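Analysis of the macromolecular model
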Amino acid sequence: MQQKIDQVVAVLQQAVREFSPVCFANSLGAEDMVLTDIIAKNQLNIEMFSLDTGRLPQETYDLMQEVRKHYETPLQVYFPNSTLVETYVAQHGINGFYDSVENRKGCCFVRKVEPLRRALSGKKAWVTGMRRDQAVTRGTLEVSAYDADQGLQKFNPLLEWSNKEVWAYIRQYDVPYNKLHDQFYPSLGCAPCTRSITPGEDIRAGRWWWEDPKNKECGLHVSHGSQVAHGSGVQAVSNTSLQASRERIIEIVSQTNVKQEVSA
Ligand code: SF4
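On a predicted model such as this, the values are computed, not experimentally measured, just so you know. (Residues numbered from 1 in each chain as written. Predicted model: local features only at pLDDT ≥ 70, side-chain atom pairs only at ≥ 80, totals over all residues.)

Turning our attention to the overall build of the protein. Scanning the protein from terminus to terminus reveals 8 helices and 6 strands. For the protein, buried positions account for 39% of its 264 residues. Across the protein, contacts joining residues at least 24 apart in sequence account for 72% of those joining residues at least 6 apart. (Helix = DSSP H or I, 4+ residues; strand = E, 2+ residues; numbered from the N terminus. Buried ≥ 20, exposed ≤ 12 C-beta atoms within 10 Å, placed from the backbone. Contact = placed C-beta atoms within 7 Å.)

The residue Val110 is located in helix 5 (residues 101–120) in this model. The exposure class assigned to Val110 is buried, which follows from the 27 C-beta atoms found within 10 Å.

Moving on, we come to the site of the ligand. Near the ligand there are 13 residues, and of these Phe97, Cys107, Cys108, Cys190 and Cys193 occur at the shortest range. Of the residues in the shell around the ligand, the class split is 7 nonpolar, 2 polar and 4 charged. (Near = placed C-beta within 6 Å. Nonpolar A, V, L, I, M, F, W, Y, C, P; charged D, E, K, R; others polar.)

Our focus in this paragraph is the sheet that holds strand 4 (residues 125–127). A sheet is described by the order of its strands in space; here 6 strands give the open sequence 3-2-1-4-6-5, paired in mixed fashion. One side of each edge strand has no neighbouring strand; the edge strands of this open sheet are strand 3 (75–78) and strand 5 (144–147). Each adjacent strand pair in this sheet contributes to an overall mean axis angle of 30°, direction not counted. In terms of strand pairing, strand 1 (residues 22–25) meets strand 4 through 3 bridges, oriented parallel. Its bridge partner lying in strand 4, Val22 is registered against Ala125. Packing of helix 1 (residues 2–19) onto the sheet brings it into contact with strand 1, strand 2 (46–51), strand 4, strand 5 and strand 6 (152–155), and relative to strand 4 it is tilted by some 160°. Helix 2 (residues 30–41) contacts strand 1, strand 2 and strand 4 of the sheet and is inclined by roughly 150° relative to strand 2. (Pairing = 2+ DSSP bridges. Axes fitted to C-alpha atoms, helices over the stretch in contact; angles between N-to-C directions.)

This part takes up helix 2. With 12 residues, helix 2 should reach 16 Å at 1.5 Å per residue; the first-to-last C-alpha distance of 17 Å fits that figure. Counting buried residues along helix 2, 10 of its 12 residues qualify, which places the element largely inside the surrounding structure. Along helix 2, the positions that sit buried rather than exposed are Ala30, Glu31, Asp32, Met33, Val34, Leu35, Thr36, Asp37, Ile38 and Ile39. Tucked into the core, helix 2 has its buried residues touching helix 1, strand 1, strand 2, helix 3 (58–70), strand 4 and helix 6 (163–172). Within two residues after helix 2, Gln43 carries a phi angle of roughly 50°, on the positive side. (Expected span 1.5 Å × (residues − 1).)

What follows covers the environment of Tyr88. Residue placement: Tyr88 occurs in helix 4 (residues 82–92). Every residue in contact with Tyr88, bar those within four places of it in the chain, is listed here: Gly106, Cys107 and Val110.

This brings us to unusual backbone geometry. A negative phi angle characterises most non-glycine residues, just as the trans form characterises most peptide bonds. Cis geometry is adopted by the peptide bond preceding Pro21, which originates at Ser20 and carries an omega value of 5°. Checked against the element boundaries, Pro21 lands in the loop between helix 1 and strand 1. If you check the backbone angles, Trp208 has positive phi at about 40° while not being a glycine. Following the sequence through the fold, Trp208 ends up in the loop between helix 6 and helix 7 (224–229).

Looking now at the pairing of strand 5. Relative to strand 6, strand 5 is paired through 4 bridges, and the arrangement is antiparallel. Among the inter-strand pairings, Asp147 is bridged to a residue of strand 6, identified as Leu152.

Below, the discussion takes up helix 3. Spanning 13 residues, helix 3 covers 18 Å between terminal C-alpha atoms, matching the ideal 18 Å at 1.5 Å per step. Among the structural elements, helix 2 and strand 3 are those in contact with the buried residues of helix 3.

This part is about the packing of helix 2 against helix 6. Running from N to C, helix 2 and helix 6 point in directions that differ by 50°, and their axes come no closer than 9 Å. Classified by the angle their axes make, helix 2 and helix 6 are oblique. Handedness of the helix 2/helix 6 crossing: left-handed. The segment helix 2 lies against helix 6, with Ala30, Glu31, Met33 and Val34 engaging Val166, Trp167, Tyr169 and Ile170. Of the residues that constitute the contact of helix 2 with helix 6, the class distribution is 7 nonpolar, no polar and 1 charged. (Parallel < 35°, antiparallel > 145°, perpendicular 65-115°, else oblique. Left-handed = near helix turned anticlockwise from the far one by under 90°.)

So, about the nonpolar core. Ranked by internal contacts, the top residues of the largest apolar core, which has 47 residues, are Cys23, Phe24, Val34, Leu35, Ile39, Ile46 and Val127. If we skip the residues at most four places from it in the chain, Leu35 touches Phe24, Val127, Gly129 and Leu158. (Core = buried A, V, L, I, M, F, W, Y, C linked by C-beta atoms within 7 Å.)

We now examine the confidence of the model for the protein. For the protein, per-residue confidence averages 83 on the pLDDT scale, and residues scoring 70 or more make up 79% of the total. Note that residues 223–245 has pLDDT below 50 and, in this model, 16 contacts with residues that lie over four places away or in other chains. Segment residues 252–264 is flagged for pLDDT under 50; beyond a separation of four residues in sequence, or across chains, it makes 22 contacts in the model. (pLDDT = per-residue confidence, 0-100.)

The following block contains the structure:
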């Protein structure tokens, strides 16, 4: 375990040394709580932020508050642009994300991707808690690679950690974690898009459970090119519509003076 922790610290130190300013996108999931603990204990110069989509479970807000009390490292929270949310809801309804992959990605774009771009603005690198074995969409990740979509370096220092190792760290160092993990929610996101799983199911089976596994990314960790390119003809149609939706979003954003932050 200590060797793995040392490797994570070395990766994070390299990020700070070579790519400052660096930020950490803290989803408050189990992996990200390990990174929170490591960053705080080693007093690494890495800004930490979370995205509040407006649809998070109460337990995630409880953890957000606990992190604030437990660690001295500040956690900045970014919210969606209210005009974009209002427009999306007017077009698709408050739960329109259930209707199609296109609608779901549109909601994730408004509530996650656009705020993420604001959070990453001015940074040279970002850190995530992604692990290789979390999903079929994450098999080709690297510990450090240029993120062409966001235009900065991306570090995944826990890439080769197993779920068991993540939880061994949390238990050993008494790290705060989301109480939903104790109720068979291994992977957490927005409340309406996350359900508990049963033993034997894939750990991300509870995320957007009504969709095909290859669609199960929210846009935060999929390059724009791969989002548009992968999939069948049906998806290609959906992505064309999604692109149209993005153009509408950009139009709205340009009216709210944040155009440069949404370079779709
Ligand atoms: S996870 Fe669900 S509610 Fe959250 S932003 Fe994506 S579609 Fe919307």
